[in-house]
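The lines below spell out each chain.
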Amino acid sequence: NENQTLASVTFQNYFRMYGKLAGMTGTADTEAVEFKNIYKLDVLVIPTNKPIRRTDFDDVIYKDVECKFNAIVKEIQAAFEKGQPVLVGTVSIEKSERLSRLLKNHKIPHNVLNAKHHEREAEIVAQAGRFKAVTIATNMAGRGTDILLGGNAEFMAKAECPEEDENFPKVLAKYKELCAGEREQVVAAGGLYIIGTERHESRRIDNQLRGRAGRQGDPGNSKFFLSLEDDLFRIFGGDRIKALMGNSLEADEPIEHPWLSRAIENAQKRVEGHNYDIRKHLLQYDDVMNLQRKAIYGIRRDILSSEKGQKELLEEFMRFIAQGLSADYGDNKRPVADWPLADLNATLQGLFHPSLAVSPADVKTPSVDGLADAIYEKLHRRYDEKTTEIGPFMAEVEKMFTLSTIDQLWKDHLLRMDHLREGIGLRGYAQKDPLLEYKRESLQMFQMMEAQIQQDSLAKIFNVQLRAEQEEKEIERFEEKQRKNVPLQMRHGEEGAAPPEPARNDGKVGRNDPCPCGSGKKYKHCHGR
């Protein structure tokens, strides 16, 4: 089944497989608790190289989305007229295109950066700091590219001539001089102006957008324009703020107060906490699977890395099966003669090989442990016979069958675990902890899978038959003979296929019979007219 899960791991458990974990980012401080709880990592805030000169204005909130976008266009127009470059961050491609249409109506030249122009992404972002530049981008676009005030001379030079060209140094020097002049104009205008059209659920994304301006001691501004119809307000108290303001709020009149900015930040913290709880909950369930994953992958790794056979592993399998069967069919309180050895032999012969049978005389000690030893001896004798029969190929046969059995049963186990995970939440209605129930049932399922792996691996190895070379040649000759004797049925329309013969009938054709020409029509509507 192409839709069946073959392997699964969460990002958290995948990253925890590394011996050492470390990282560097400008926005990790808001997620410090998660780093500590999940990865046992501390977050250390390093001071900036130069003091930050960026001015972060309080958020302004409008009554509806239309008023908000009109205010954004006015702000962009004011910045454009004085030459200040503007980078506008939007939450979606749809919002970026809506703002782009409004700017076109106001005759403001601009670049739109979204998934539709990904090949020019780095180039557009690199030039977003030029004099009078206006760039609209989604919050995720262009990350990793520094915005230099006055423009990026290297990008401009490469656009004019290739780097290998002998004239490239002259072109680069020309653009460096141009960018240096523009930089002075941009700094005088206030530096890069970051405008956010909406607050994201995560403070990290907002901080990344703000951080585009004011790099390396450059001047800059940032401001977020919001409306009471934004998603964050609809979920967290937009109606309450509307009720507080009543009808006193004019359509184009913004609400601006530090209290509102704090309220928005608190709402973001609650969303982040909720999302963290979801990830933590998912990880608790995957930790259960992770223990099973390590056990199975450990066995597979040992099998793959072993150049010898799997005798020790298979002896463990035989010992496990012998102990299980002896517990089912043996009884310390009854004599061996009263044990259901006929049923035991039927099970052994049905599961493993017809030659396996345990008699009362084989049980040296009249106990469950004595029966386990007798079963183990029979299984090991069959293994020794098969080793002698197969000879030097035994190691390869053992590896092939154990691996294929493990892989198939592990896939089936993952499917059953998916089904268990989907419905385990309903146990909460019975006043049971779903996580504890999941741990208990998944352990039972894993133990059943382990027993099945051991049983199926031994059954395949005990019954494998190597085909002799002479027998192989005879089968090939037989198959070749069959291919020659069976005529090739060529489909109509294939190259070389003969055209279909028209149907013929020597007798008299009835008016309602099919026409003999093969057209499919009745005779009276075809050649019988």
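Residues numbered from 1 in each chain as written. Predicted model: local features only at pLDDT ≥ 70, side-chain atom pairs only at ≥ 80, totals over all residues. Heavy atoms only, no water.

### Some details on the overall build of the protein chain
Scanning the protein chain from N- to C-terminus turns up 17 helices and seven strands. Put simply, the protein chain has 529 residues, and 39% of those count as buried. Taking the intrachain contacts of the protein chain between residues at least 6 apart in sequence as the baseline, contacts between residues at least 24 apart amount to 71%. As displayed, the protein chain has an accessible area near 32200 Å², and 51% of this comes from carbon and sulfur atoms. (Helix = DSSP H or I, 4+ residues; strand = E, 2+ residues; numbered from the N terminus. Buried < 20%, exposed > 50% of the residue type's maximum accessible area, 1.4 Å probe, protein only. Contact = heavy atoms within 4.5 Å. Areas by Shrake-Rupley, 256 points an atom, 1.4 Å probe, with all protein chains shown as cover.)

### A word on the nonpolar core
Counting 51 residues, the largest nonpolar core has Leu344, Leu348, Phe352, Leu371, Ile375 and Leu379 as its most contacted members. Elements represented by at least two residues in this core include exactly α11 (258–305), α12 (311–329), α13 (341–351), α14 (368–390), α15 (394–423) and α16 (434–463). Here isoleucine 375 is in contact with Ala322, Leu325, Ser326, Leu344, Leu348 and Val358, once residues within four sequence places are set aside. Residues Ile124, Leu209, Phe233 and Leu260 belong to the second largest nonpolar core, which totals 24 residues. (Core = buried A, V, L, I, M, F, W, Y, C linked by side-chain atoms within 4.5 Å.)

### Side note on the pattern of salt bridges
Going through the model one piece at a time under the given rule, you end up with 27 salt bridges. A salt bridge links lysine 158 to glutamate 163; its shortest N-O distance comes to 3.8 Å. Note that aspartate 362 is salt-bridged to lysine 378, the shortest N-O span being 3.4 Å. Of this pair, aspartate 362 sits in the loop between α13 and α14 while lysine 378 is found in helix α14, placing the two residues 16 residues apart along the sequence. A relative accessible area of 23% places aspartate 362 in the partly exposed class. Salt bridges sharing common partners tie together Arg54, Asp56, Asp59, Arg199, Asp206 and Arg210. (Salt bridge = Lys/Arg side-chain N within 4 Å of Asp/Glu carboxyl O.)

### With respect to the packing of aromatic side chains
Overall, the coordinates contain seven aromatic pairs when judged by the stated rule. Seen from their ring centres, tyrosine 14 and phenylalanine 15 are 5.9 Å apart, and the 55° between their planes marks the pair as tilted. Judged by relative accessible area, tyrosine 14 falls into the partly exposed class, the value being 39%. Between tyrosine 14 and tyrosine 18, the ring centres sit 6.0 Å apart and the planes meet at 85°, which makes this aromatic pair edge-to-face. Taken together, Phe11, Tyr14, Phe15 and Tyr18 form an aromatic cluster joined through their ring pairs. Directly above the ring of phenylalanine 69 sits lysine 68, whose terminal nitrogen or CZ lies 5.3 Å from the centroid. Cation over ring: lysine 132 sits above phenylalanine 80, and NZ or CZ is 5.1 Å from the ring centre. (Phe/Tyr/Trp six-rings, centres within 6.5 Å; stacked < 30°, edge-to-face > 60°. Lys NZ or Arg CZ within 6 Å of the ring centre and 35° of its normal.)

### Re α12
Here α12 contains 19 residues, and its C-alpha end-to-end distance of 26 Å stays within 8% of the 27 Å for a straight helix at 1.5 Å per residue. The complete set of buried residues in α12 reads Leu313, Leu314, Phe317, Met318, Ile321, Ala322, Leu325, Ser326 and Tyr329. Elements in contact with the buried residues of α12: α11, α13, α14, α15 and α16. (Expected span 1.5 Å × (residues − 1).)

### Some remarks on the pairing of strand β5 (residues 134–138)
Here β5 lies mainly inside the structure; five of its five residues are buried. Neither face of β5 is left uncovered, since the one carrying Val134, Ile136 and Thr138 and the one carrying Thr135 and Ala137 both have all their residues buried. Sheet topology note: the strand β3 (residues 86–90)/β5 ladder contains five bridges and is parallel. If you follow threonine 90 over to β5, its bridge partner there is threonine 138. Bridge count between strand β4 (residues 111–113) and β5: three bridges; the pairing is parallel. Its bridge partner being in β5, asparagine 111 is matched across the sheet by threonine 135. (Pairing = 2+ DSSP bridges.)

### A short note on the confidence of the model for the protein chain
A residue-level look at the protein chain finds 87% of positions with pLDDT of 70 or above and a mean pLDDT of 84. Highest mean pLDDT in the protein chain belongs to α16 (93); lowest belongs to helix α10 (residues 238–245) (62). Every residue in residues 488–494 is under pLDDT 50, and counting partners more than four places away or in other chains gives five contacts. (pLDDT = per-residue confidence, 0-100.)

### Notes on the environment of histidine 353
Secondary-structure assignment places histidine 353 in the loop between α13 and α14. Distance from histidine 353 to lysine 460, taken between C-alpha atoms, is 9.8 Å for residues 107 residues apart in sequence. Residues contacting histidine 353, with those up to four places away along its chain left out, are Leu348, Arg382, Phe462 and Asn463. In this structure the side chain of histidine 353 is engaged in a polar contact, spanning 3.1 Å, whose partner is the side chain of arginine 382. (Polar contact = N/O pair within 3.5 Å; in protein donor to acceptor, adjacent residues only side chain to side chain.)

### Comments concerning a nonpolar patch on the surface
On the surface, Val9, Phe11, Tyr14, Phe15, Met17, Tyr18 and Leu21 cluster together into a nonpolar patch covering about 720 Å² of accessible area. Mapped onto the elements, tyrosine 14 comes out in helix α1 (residues 11–15). (Patch = residues over 30% accessible without salt bridge, like charges linked within 9 Å, V, L, I, M, F, W, Y side chains within 5 Å.)

### A closer look at unusual backbone geometry
The backbone of lysine 40 shows a phi angle near 60°, a positive value even though the residue is not glycine. Backbone geometry at lysine 107 places phi at a positive 55°, although glycine is not the residue there. Structurally, the position occupied by lysine 107 is in the loop between α4 (93–105) and β4. Lysine 107 sits in the exposed class, given a relative accessible area of 70%.

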